Amino acid sequence: MSGFNNNVPTKFPKLEPKIPTGPDLLQAERAKASFNVGAISKFIFGEDYLARLNKIVPVLESEPAFEKTQRYFQSRYERHAHGYEKDNRMIELTEELKWDAEDKRLVNMLYDQVSPFSLHYLMFIPTLENQCTDEQKKLFLERALRCEIIGCYAQTELGHGSNVQGVETTATYIPETNEFELHSPHLSSSKWWIGTLGKTANYAAVMARLIIRGKDYGPHPFCVQVRSLEDHRPLPGVTVGDIGPKFGYVTIDNGFLMFDHYRVPHISFLAKFSQVIPGTGEYVKPPNARLSYGTMVLSRANIVRSSGTILARGATVAVRYSAVRQQFVDASGPRKWESKVIETPVLDYTMQQYRLFTTVASAYALLINGRNLHRLYELNQAAMKQGNLDLLPDLHATSSGLKSLVTTITIEGLEDSRRACGGHGFSLFSGLGYAYQDYLPLVTFEGDNYLLTQQTARYLFKTFRSVAAGEAKPKEHNVTINYLNQYLENTRATFPVMTAAELLNPEALLSAFGFRAAHGIAQVVENLDKNGRTWNSVLVDISHVSKAHCQYVLIRDFFVELQQASEKDLGPSERRVLQNLAYLFALHFMEKEMTEFLTCGYVSIAQSKLVQEQVLALVEQIRPDAVPLVDAFALPDYYLASALGRYDGDYFTGLKQMVEREPLNQKLVIDSYEKYIKPLVHKGLERAKNESKL
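In what follows, the accompanying structure is described. (Residues numbered from 1 in each chain as written. Predicted model: local features only at pLDDT ≥ 70, side-chain atom pairs only at ≥ 80, totals over all residues. Heavy atoms only, no water.)

Regarding the overall build of the protein
Step number 1: Broken down by element type, the protein carries 22 helices and 13 strands.
Step number 2: Against the 2.2 N^0.38 benchmark of 26 Å for 694 residues, the protein shows a C-alpha radius of gyration of 29 Å, consistent with a compact globule.
Step number 3: Each principal axis of the C-alpha distribution contributes one length, and for the protein these read about 95 × 75 × 60 Å.
Step number 4: Residues classed as buried in the protein amount to 53% of the 694 residues present.
Step number 5: Counting only contacts in the protein whose residues sit at least 6 apart along the sequence, the fraction spanning at least 24 positions is 76%.
Step number 6: Just so you have it, the protein exposes about 32,200 Å², and 54% of that area is on carbon and sulfur atoms.
Step number 7: Averaging the positions of the 75 positive and the 77 negative side-chain charges in the protein gives two centres separated by 2 Å. (Helix = DSSP H or I, 4+ residues; strand = E, 2+ residues; numbered from the N terminus. Rg over C-alpha atoms; globule rule 2.2 N^0.38 Å. Buried < 20%, exposed > 50% of the residue type's maximum accessible area, 1.4 Å probe, protein only. Contact = heavy atoms within 4.5 Å. Areas by Shrake-Rupley, 256 points an atom, 1.4 Å probe, with all protein chains shown as cover. Lys, Arg positive; Asp, Glu negative; His and termini not counted. Charge placed at Lys NZ, Arg CZ, Asp CG, Glu CD.)

The following block contains the structure:
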């Protein structure tokens with residue numbers, strides 16, 4: 001480019017802000033709070049979490065390896081490389097600052113992006129912790145904890161995902177050498193979608209079919225080296241690589257893996273629960289096939305807990321932005337600022353309130369449920385150590401259904417939050433685009449959402465048959481038996497509500513959700529047991545039954561948590577606003593699922609109209625506390641990484657600053673001008689010049 005300096009970044013002119021500014025509007029919103037924001041944050045998260053947050057955020061904000069806004073401008077290759085930098089710096093900081101496991105979990109949540117080592121920590125290490133013998137822990141786990149080996153979890157195959165029993169990779173025991181021979185007999189046998197495997201991992205926890213003397217014992221775990229520890233090349237007999245671009249998760253190298261008669265030593269067979277005796281090849285089966293369910297429950301409890309945070313993120317960005325984004329003047333009730341009519345903040349429109357406040361309520365419900373699910377997991381683990389498996393079936397089935405329901409609620413709420421931001425929600429600078437992309441896989445991995453409902457339903461049907469036969473005894477933590485018993489005592493019960501105000505009764509709402517779930521279960525059991533229906537023919541009903549059960553659990557957890565909270569935990573104002581959110585959460589789902597409440601005969605048409613009326617009344621009551629309620633999620637700007645959802649409300653400045661960082665804006669004239677734009681334009685100039693001479 002000749003004649004001028006082209007390396008001049010584009011900058012916005014300095015102009016006076018329009019009054020009222022975003023900060024002005026958010027300050028006014030916060031002044032309307034009817035409760036103590038910090039008190040609700042403490043109730044939801046606890047003092048320890050908040051103290052850790054305040055300790056860790058300044059560290060991450062000062063660390064170049066944890067810088068987040070550059071990701072909006074980077075290619076996949078650049079973001080993946082930056083992920084390695086983050087992972088290595090995290091190892092250093094863990095040592096320097098003595099971070100424990102909870103600190104590291106919080107760091108990864110705040111960084112908000114999977115990185116190349118993620119599955120090493122999330123799947124490989126937990127697998128070794130849960131599946132290794134003491135000898136294997138010294139050989140594999142201790143080295144993995146020091147990152148001397150980097151691993152992944154290789155279960156899913158190109159031809160098999162949810163059907164784990166159908167995996168094709170084989171591990172044949174060779175008694176002569178006391179080895180196992182891993183082999184991928186078909187292209188469909190290729191391990192696929194394996195996070196951290198593509199270019200990072202040198203080890204893998206591989207699920208392969210155990211074959212001994214021609215007998216197939218089904219999938220078992222093996223700890224297998226796949227790359228050289230000297231130069232990282234794939235080992236002979238191993239074909240491994242990256243599966244390519246994805247809808248999201250671009251910063252992790254999901255990979256494929258195939259074996260060609262690849263031998264591994266006997267110690268590679270993870271033998272905590274089942275064994276293959278060296279030399280003889282005698283197979284010793286695990287004492288109880290359900291012992292591994294605890295790990296699945298923990299994984300799903302983590303998903304529920306993280307989902308609450310993700311949904312809170314979407315709600316925070318959308319509510320704050322809606323409070324400062326002004327559009328049109330409401331002629332029937334114009335907003336004024338310093339005696340002057342101003343455009344109406346979008347949050348004052350009822351439709352925006354309806355779509356966002358129900359999302360806020362859902363986020364609180366998921367955060368509470370995630371905490372309770374972890375508590376039940378700990379209770380179950382303690383019971384299992386004593387040989388008591390009573391809690392496990394209900395917990396495993398319910399956690400499966402909750403994973404399905406909660407991830408669906410979250411992905412829908414996250415997308416609705418993005419859309420509630422209007423046109424600016426389409427910008428990655430909203431902070432919600434990548435959040436949606438990276439959350440979306442959760443509806444599939446750890447169990448496809450529709451498939452998981454079948455696990456829940458099988459347990460519900462079995463329990464119903466037991467309750468109906470008088471064989472099931474009430475248990476402290478088993479809510480399923482309780483609502484099934486209540487239903488069978490009176491299968492013709494109806495909703496005892498006459499006015500909208502009477503809907504604000506936790507017991508009445510729980511009875512309604514319990515009756516609807518039990519009625520659905522009873523109908524499917526009758527179709528299966530008496531009417532000759534096949535399992536496949538009732539899969540749609542199964543999905544509905546699982547959802548009904550898990551909605552009951554979510555709503556019950558919300559109400560019970562508030563009921564059990566002491567006055568020290570929750571003051572009157574905090575209890576009132578959370579109670580309103582619990583009512584909104586329950587009634588919104590009743591409104592959405594009204595067809596089922598009507599068809600089961602529990603709710604009448606007239607009562608359905610009362611539900612709609614009360615939902616809108618609750619939305620109106622919550623409106624003054626909307627911004628303080630999302631502030632109580634305690635999500636720092638570092639985590640949000642959003643121009644629209646900033647705590648100070650200055651989204652104009654936020655967008656300006658991010659746009660100025662756009663690489664295309666670092667030169668006055670784009671490089672492609674000379675080759676593609678200039679010839680066209682100059683051709684036109686030349687034509688015009690020639691025509692003017694005529």
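Picking up after the structure, the text goes on.
Some remarks on unusual backbone geometry
Step number 1: At the junction of isoleucine 19 and proline 20, the peptide bond is cis and its omega measures out at 0 degrees in the coordinates.
Step number 2: Although it is not a glycine, alanine 641 adopts a positive phi angle of roughly 45 degrees.
Step number 3: Structurally, the position occupied by alanine 641 is in the loop between helix 20 (637-640) and helix 21 (651-661).
Step number 4: For alanine 641, a relative accessible area of 9% corresponds to the buried category.

With respect to the packing of aromatic side chains
Step number 1: In total, this model carries 27 aromatic pairs according to the counting rule given.
Step number 2: Joined through ring pairs, the aromatic side chains of Tyr72, Phe73, Phe429 and Tyr434 make up one cluster.
Step number 3: A cation over a ring is seen here: arginine 30 above tyrosine 647, with NZ or CZ 3.7 Å from the ring centre.
Step number 4: Positioned above the aromatic ring of tyrosine 111 is the side chain of arginine 71, whose terminal nitrogen or guanidinium carbon lies 5.0 Å from the ring centre. (Phe/Tyr/Trp six-rings, centres within 6.5 Å; stacked < 30°, edge-to-face > 60°. Lys NZ or Arg CZ within 6 Å of the ring centre and 35° of its normal.)

Description of the nonpolar core
Soluble, globular proteins show a tendency: their nonpolar side chains are buried together.
Step number 1: Formed by 158 residues in total, the largest nonpolar core has its most connected members in Leu110, Tyr364, Phe495, Met590 and Phe633.
Step number 2: If we skip the residues at most four places from it in the chain, phenylalanine 633 touches Phe45, Ala312, Ala315, Thr316, Val360, Ala363, Tyr364 and Leu367.
Step number 3: Ala154, Ile194, Ile212 and Val240 belong to the second-largest nonpolar core, a separate cluster that totals 27 residues. (Core = buried A, V, L, I, M, F, W, Y, C linked by side-chain atoms within 4.5 Å.)

Description of the pattern of salt bridges
Step number 1: Scanning all chains against the criterion turns up 39 salt bridges.
Step number 2: The partner of glutamate 96 in a salt bridge is arginine 89, and the shortest N-O contact between them spans 3.1 Å.
Step number 3: Look at arginine 89 and you get buried, because its relative accessible area is 19%. (Salt bridge = Lys/Arg side-chain N within 4 Å of Asp/Glu carboxyl O.)

What about the sheet that holds strand 4 (residues 191-194)?
Two orientations exist for strands paired in a sheet by backbone hydrogen bonds: parallel and antiparallel.
Step number 1: A sheet is described by the order of its strands in space; here 3 strands give the open sequence 4-8-7, paired in antiparallel fashion. Looking at the sheet topology across the chains shown, the edges are occupied by strand 4 and strand 7 (238-242). Ignoring which end each strand starts from, the neighbouring axes of this sheet average 15 degrees apart.
Step number 2: Of the pairings in the sheet, the one linking strand 4 to strand 8 (residues 255-259) comprises 2 bridges and is antiparallel in character. The residue bridging isoleucine 194 from the neighbouring strand is glycine 255, located in strand 8. (Pairing = 2+ DSSP bridges. Axes fitted to C-alpha atoms, helices over the stretch in contact; angles between N-to-C directions.)

Things to note about the pairing of strand 3 (residues 179-183)
Step number 1: The buried count for strand 3 comes to 4 of 5 residues, which makes it a mostly enclosed element.
Step number 2: In the sheet, strand 2 (residues 170-174) pairs with strand 3 via 5 bridges, with the strands oriented antiparallel. Paired with alanine 171 across the two strands is leucine 182, which belongs to strand 3.
Step number 3: Count of turn residues in the strand 2/strand 3 antiparallel hairpin: 4 residues, of which asparagine 178 carries a positive phi of about 55 degrees.
Step number 4: Alignment of strand 3 against strand 9 (residues 262-265), held across 4 bridges, turns out to be antiparallel. Across the sheet, glutamate 181 pairs through a bridge with arginine 263, a residue of strand 9.

Remarks on the environment of tyrosine 249
Step number 1: Checked against the element boundaries, tyrosine 249 lands in the loop between strand 7 and strand 8.
Step number 2: A sequence separation of 231 residues divides tyrosine 249 from threonine 480, and the C-alpha atoms of the two residues are 37 Å apart.
Step number 3: Residues contacting tyrosine 249, with those up to four places away along its chain left out, are Val114, Asn254, Asp438, Pro441, Leu442 and Phe445.

A word on helix 18 (residues 605-622)
Since the α-helix packs 3.6 residues into each turn, any two residues three or four apart lie on the same face.
Step number 1: With 18 residues, helix 18 should cover 26 Å at 1.5 Å per step; its first-to-last C-alpha distance of 26 Å lies within 8% of that length.
Step number 2: For helix 18, every residue scored as buried is listed here: Gln607, Ser608, Leu610, Val611, Gln614, Val615, Leu618, Val619 and Ile622.
Step number 3: Its buried side turned inward, helix 18 meets helix 9 (350-385), helix 16 (572-592), helix 17 (594-599) and helix 19 (626-631). (Expected span 1.5 Å × (residues − 1).)

A look at the packing of helix 3 (residues 47-61) against helix 5 (residues 101-111)
Step number 1: At a minimum axis distance of 10 Å, the contact between helix 3 and helix 5 shows a crossing angle of 60 degrees. Overall, the two elements helix 3 and helix 5 adopt an arrangement that is oblique. The handedness of the crossing between helix 3 and helix 5 is right-handed. The residues of helix 5 that touch helix 3, namely those facing Tyr49, Arg52, Leu53, Lys55, Ile56, Val57 and Leu60, are Glu102, Asp103, Arg105, Leu106, Val107, Met109 and Leu110. (Parallel < 35°, antiparallel > 145°, perpendicular 65-115°, else oblique. Left-handed = near helix turned anticlockwise from the far one by under 90°.)

Considering a nonpolar patch on the surface
Step number 1: Nonpolar side chains collect at one region of the surface, where Leu664, Ile670, Tyr676, Ile677, Leu680, Val681 and Leu685 lie side by side and expose about 720 Å² of accessible area between them.
Step number 2: Along the chain, leucine 680 turns up in helix 22 (residues 673-693). (Patch = residues over 30% accessible without salt bridge, like charges linked within 9 Å, V, L, I, M, F, W, Y side chains within 5 Å.)

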